[in-house]
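Analysis of the macromolecular model
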Amino acid sequence: MARPKSDAPRIQAHISGQSVVRIDGQDYYLGKHGSPEAHARYAVLLSEYQKNGCKLPNGFDTKELIERANAVFSPQTRIVETNQAERPLQVKHLAESYRVFIAKRYAESQSELHRLIQVCDELKQFDGELLIAEYGPRALQRQRQRWIDAGLARVYVNRLANCTRRMFRWGVAEELVTESTWTRLRSVDALRCGQTDAPETNAVTPVAIDAVRKTAVELSPVLKSMLIVHVATGMRPSELCRMRPCDIDRTGPVWMYRPIKHKTANKGKARAIPIVGDARDEVTNYLNRNPMAFCFSPAESVAWWQAKKRADRKSKVQPSQVRRASENPRKTPGECFDFHSYRQSIQRAALRAGVESWHPYQIRHLAATTVRDALGPEAAQALLGHSHISMTEHYAKVSERKAIEAAQHAPSLSVKEVDQ
């Protein structure tokens, strides 16, 4: 279901220093951000937008916007829709401009988008008033210490610091940041293990198959089917959540799921996932829908839970509670699950089942380890879609097994023979 249009489009600060409102993909510049003139023009724009059913009239001209606002406040300034090159750029301008860019660039990668938005918001909050040229290694180290004080793990803190450098590198390409500013930020070394107060993260291990079985009992039919397909294929959670009937090639004896959007799609690499056995049986139940729709619907899962709660109810349903659902709920189920909603559902079910909490990526590790032990690392690499065998070894802990095997065949030096 498409998200309903907002009754009041958000007014934002543009990198030029102006206020800007985006409506139906078009930007309307309102003047200096925070000024009375900008607020007056925003009020006029909002009035036209709401009066016309959450859209602007055809042929709406910004000149009319200026004239009507000027008639009330009589401002002397006029809207300038170009960047003001002579205005010193601050970190908040860079962060806001980068946020607009990443909203499109990482629209299909919610976890990456979440990290980058976190960086943008915190830089605006703590160092937004600094000039871009003044943001250097010490400022980055201060921000890094804030993340450590917040309890974030060392590896994640390093990742957020890299996201900050990426933002400034993008600024160099957009001619908003000088190359020397970005180079100075690159001089800050990553946090090393044992040299910081930041906690360490535990290595991801395969989840026990018994825990997965117990968790599946506590899931809705939709999520249980997702779990069965996930265990059988070892695909990434994002690939599972975005599966559609049109992406499944059923022309041959073996069905192949070919996701259009996946982790390495931007590198021109294809991804093909065999759908066989239990996975094929489960997917078959979700093919009788629009080929472009997602197979696994959160709305169907929510509807099942609501029906189950109603069926399990012991007391009589009161007339006032027959239809308690709001006609215009503030939050509705999305078109498909994402990594976060899928993980949250899994962990809640694990809690109800009384097993140790686990997350979906542990299933990928489970598939890698199982296939590697049975068929070797090359088979596991093909199933998981890794470009390099080293990544598969990371998932299946091959290097550790090889070290143990090598140690068992290493030469030995008998002490008794030396003494003789």
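Please refer to the structure higher up on the page.
The sections below set out a description of the structure shown in this document. Everything numeric here is computed off the predicted structure, so don't read it as measured data. (Residues numbered from 1 in each chain as written. Predicted model: local features only at pLDDT ≥ 70, side-chain atom pairs only at ≥ 80, totals over all residues. Heavy atoms only, no water.)

As for the overall build of the protein chain
Tallying secondary structure elements over the protein chain gives 18 helices and six strands in all. Here the protein chain holds 420 residues, and 39% of them are scored as buried. Carbon and sulfur atoms form 51% of the exposed surface of the protein chain, whose accessible area is close to 25,300 Å². (Helix = DSSP H or I, 4+ residues; strand = E, 2+ residues; numbered from the N terminus. Buried < 20%, exposed > 50% of the residue type's maximum accessible area, 1.4 Å probe, protein only. Areas by Shrake-Rupley, 256 points an atom, 1.4 Å probe, with all protein chains shown as cover.)

Notes on the environment of Val-188
Along the chain, Val-188 turns up in the loop between helix H7 (179–186) and helix H8 (209–217). Separated by 51 residues in the primary sequence, Val-188 and Pro-137 have C-alpha atoms spaced 6.1 Å apart. Discounting chain neighbours no more than four positions away, the residues touching Val-188 are Pro-137, Leu-140, Gln-141, Arg-144 and Arg-165. (Contact = heavy atoms within 4.5 Å.)

A closer look at the side chain of Arg-244
Following the sequence through the fold, Arg-244 ends up in the loop between helix H10 (237–241) and strand E4 (248–249). For Arg-244, a relative accessible area of 15% gives the class buried. The residues touching Arg-244, leaving out its near neighbours within four places in the chain, are Ile-260, Pro-291, Met-292, Ala-293, Phe-294 and Cys-295.

Some thoughts on the packing of aromatic side chains
Using the criterion set out here, one finds seven aromatic pairs in the structure. By way of ring pairs, the aromatic residues Tyr-98, Phe-101 and Trp-170 are connected into one cluster. The positively charged end of Arg-105 is found above the aromatic ring belonging to Tyr-106, 4.7 Å away from the centroid. (Phe/Tyr/Trp six-rings, centres within 6.5 Å; stacked < 30°, edge-to-face > 60°. Lys NZ or Arg CZ within 6 Å of the ring centre and 35° of its normal.)

As for the sheet that holds strand E6 (residues 273–275)
Strand order in the open sheet formed by three strands is E4-E5-E6, and the pairing between neighbours is antiparallel. Bordering the open sheet on either side are E4 and E6, each of which pairs with just one other strand. Here E4 runs beside strand E5 (residues 255–257); their pairing, made up of two bridges, is antiparallel. Looking at the pairing, Ile-248 lines up with Tyr-257 of E5. Together, E4, E5 and E6 form the strand contacts of helix H11 (residues 277–284), whose direction differs from that of E6 by roughly 75°. (Pairing = 2+ DSSP bridges. Axes fitted to C-alpha atoms, helices over the stretch in contact; angles between N-to-C directions.)

A look at the sheet that holds strand E1 (residues 11–13)
Reading across the sheet, the three strands line up as E1-E2-E3 and stay open at both edges, with antiparallel pairing between neighbours. The open sheet has two edge strands, E1 and strand E3 (26–32), and neither has a second partner. Across this sheet, the average inter-strand angle for adjacent strands is 35°, counted without regard to direction. Pairing analysis gives three bridges linking E1 to strand E2 (residues 18–23), with the strands arranged antiparallel. If you follow Ile-11 over to E2, its bridge partner there is Val-21. Against the sheet, helix H1 (residues 36–51) makes contact with E1, E2 and E3, and its axis sits at roughly 150° relative to E3, the strand it touches most.

Concerning the nonpolar core
In terms of nonpolar packing, the biggest core is built from 34 residues, with Leu-227, Met-243, Phe-296 and Trp-358 touching the most fellow members. Secondary structure elements with two or more residues in this core: H8, helix H9 (221–233), H10, E5, E6, H11, helix H13 (339–353) and helix H14 (361–375). Take this core: its biggest share by element is five residues, from H9. Excluding its chain neighbours within four sequence positions, the residues that come into contact with Met-243 are Val-229, Met-235, Ile-248, Tyr-257, Ile-275, Val-283, Ala-293, Phe-294, Cys-295 and Phe-296. Among the nonpolar cores identified, the runner-up in size contains 30 residues, and Leu-123, Tyr-135, Leu-140 and Trp-147 belong to it. (Core = buried A, V, L, I, M, F, W, Y, C linked by side-chain atoms within 4.5 Å.)

Points about the pairing of E3
The pairing of E2 with E3 spans six bridges and is antiparallel. Bridge pairing in E3 places Val-20 opposite Tyr-29. A loop of two residues connects E2 with E3, the two strands running antiparallel in sequence, and Asp-24 in this loop sits at a positive phi of about 55°.

Focus: the pattern of salt bridges
Here the structure, examined in full by the defined rule, presents 15 salt bridges. Here Arg-99 and Asp-121 are joined by a salt bridge, their closest N and O atoms 2.4 Å apart. Highlighted residues: Arg-99 in helix H3 (residues 91–105) and Asp-121 in helix H4 (residues 110–127), separated in sequence by 22 residues. Assessed through its relative accessible area of 24%, Arg-99 is described here as partly exposed. Between Arg-236 and Glu-239 there is a salt bridge, and its shortest N-O distance comes to 2.9 Å. The buried category is assigned to Arg-236, whose relative accessible area is 7%. (Salt bridge = Lys/Arg side-chain N within 4 Å of Asp/Glu carboxyl O.)

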